[in-house]
Amino acid sequence: MEIERKYLIPQLPEDYRAHPCYQIEQGYLCTNPVVRIRRQDNDFYLTYKSKGLMVREEYNLPLTETAYYHLREKTDGRLITKKRYLIPLTDILTIELDLFEGDLAPLVLAEVEFPSEEEANDFQPPEWFGEDVTFSGQYHNSALAQV
């Protein structure tokens, strides 16, 4: 189960580059339900996500590099590329700061995943977070992939 809140980021925090970073490329084989392939540095995944905004089912399966590139040719819409910075927030919460590249730049989103809906609902974001877009489907990556 994935429980997350998502925010637009109007201005990057000064120290974001001091944190671990992944280069991500992802495409969508289907958007209802969501079936996504992702390359994160040198790791490859196939992901299923159910319907939902803040709470939804999510299953990740490893792919080989060969399988990833085979499926990549079958994706619909735009191939999304982004840099993801992992910024610790608490002992259990991490901000996933996504800096989109290509024609989605300069879009910047932050996601925070939670162990429970209650914690997600009680969350007070850092001051540098902008608009809460958790309940706006237009900021799901599957929607952003549509051209």
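Residues numbered from 1 in each chain as written. Predicted model: local features only at pLDDT ≥ 70, side-chain atom pairs only at ≥ 80, totals over all residues. Heavy atoms only, no water.

(A) Inspection of the environment of Asn141 at higher detail. By the element assignment, Asn141 lies in helix H3 (residues 141–144). Taking the C-alpha atoms as reference points, Asn141 and Arg36, separated by 105 residues in sequence, lie 9.7 Å from one another. Once residues within four sequence positions are removed from consideration, Asn141 is found in contact with Lys6, Gln26, Tyr28, Ile80, Lys82, Phe100 and Glu111. (Helix = DSSP H or I, 4+ residues; strand = E, 2+ residues; numbered from the N terminus. Contact = heavy atoms within 4.5 Å.)

(B) Looking closely at empty space enclosed by the protein. Scanning all chains against the criterion turns up one cavity of 30 Å³ or more. Empty space within the largest cavity amounts to approximately 40 Å³. If you go around the largest cavity, the residues you meet are Glu4, Lys6, Leu53, Val133, Thr134, Ser136 and His140. Looking at the lining of the largest cavity residue by residue, the classes come out as two nonpolar, three polar and two charged. (1 Å grid on protein atoms, 1.4 Å probe; cavity = no way out; pocket = protein on both sides within 12 Å on 5 of 7 lines; lining within 4 Å. Points joined across faces, edges and corners; volume = space filled by probe spheres on them. Nonpolar A, V, L, I, M, F, W, Y, C, P; charged D, E, K, R; others polar.)

(C) The sheet that holds strand S2 (residues 21–31), seen in detail. The strand order across the open sheet built from nine strands is S5-S1-S9-S8-S7-S2-S3-S4-S6, with neighbouring strands paired in antiparallel fashion. One side of each edge strand has no neighbouring strand; the edge strands of this open sheet are strand S5 (55–56) and strand S6 (58–62). Examined bridge by bridge, strand S8 (residues 94–100) and strand S9 (residues 108–113) share five bridges and lie antiparallel to one another. Directly across from Glu96, in S9, lies its bridge partner Glu111. (Pairing = 2+ DSSP bridges.)

(D) Seen up close, the environment of Ala18. With respect to the helices and strands, the residue Ala18 is situated in the loop between strand S1 (2–8) and S2. Residue classification places Ala18 among the exposed residues on the basis of a relative accessible area of 66%. Along the backbone, Ala18 and Tyr85 are 67 residues apart, and their C-alpha atoms lie at a distance of 8.9 Å. (Buried < 20%, exposed > 50% of the residue type's maximum accessible area, 1.4 Å probe, protein only.)

(E) Geometry of the packing of aromatic side chains. What the rule picks out here adds up to nine aromatic pairs. With a centroid separation of 5.3 Å and an interplanar angle of 45°, the aromatic rings of Phe44 and Tyr68 are classed as tilted. Linking Phe44 in strand S4 (residues 43–49) with Tyr68 in helix H1 (residues 65–72), this pair joins segments that are 24 residues apart in sequence. Accessibility classification places Phe44 together with Tyr68 in one group, the buried group. Ring centres of Trp128 and Phe129 lie 4.8 Å apart, and the angle between their planes is 75°; on these two criteria the pair is classed as edge-to-face. We classify Trp128 as partly exposed; its relative accessible area is 24%. Relative accessible area serves as the criterion here: at 8%, Phe129 is assigned to the buried category. (Phe/Tyr/Trp six-rings, centres within 6.5 Å; stacked < 30°, edge-to-face > 60°.)

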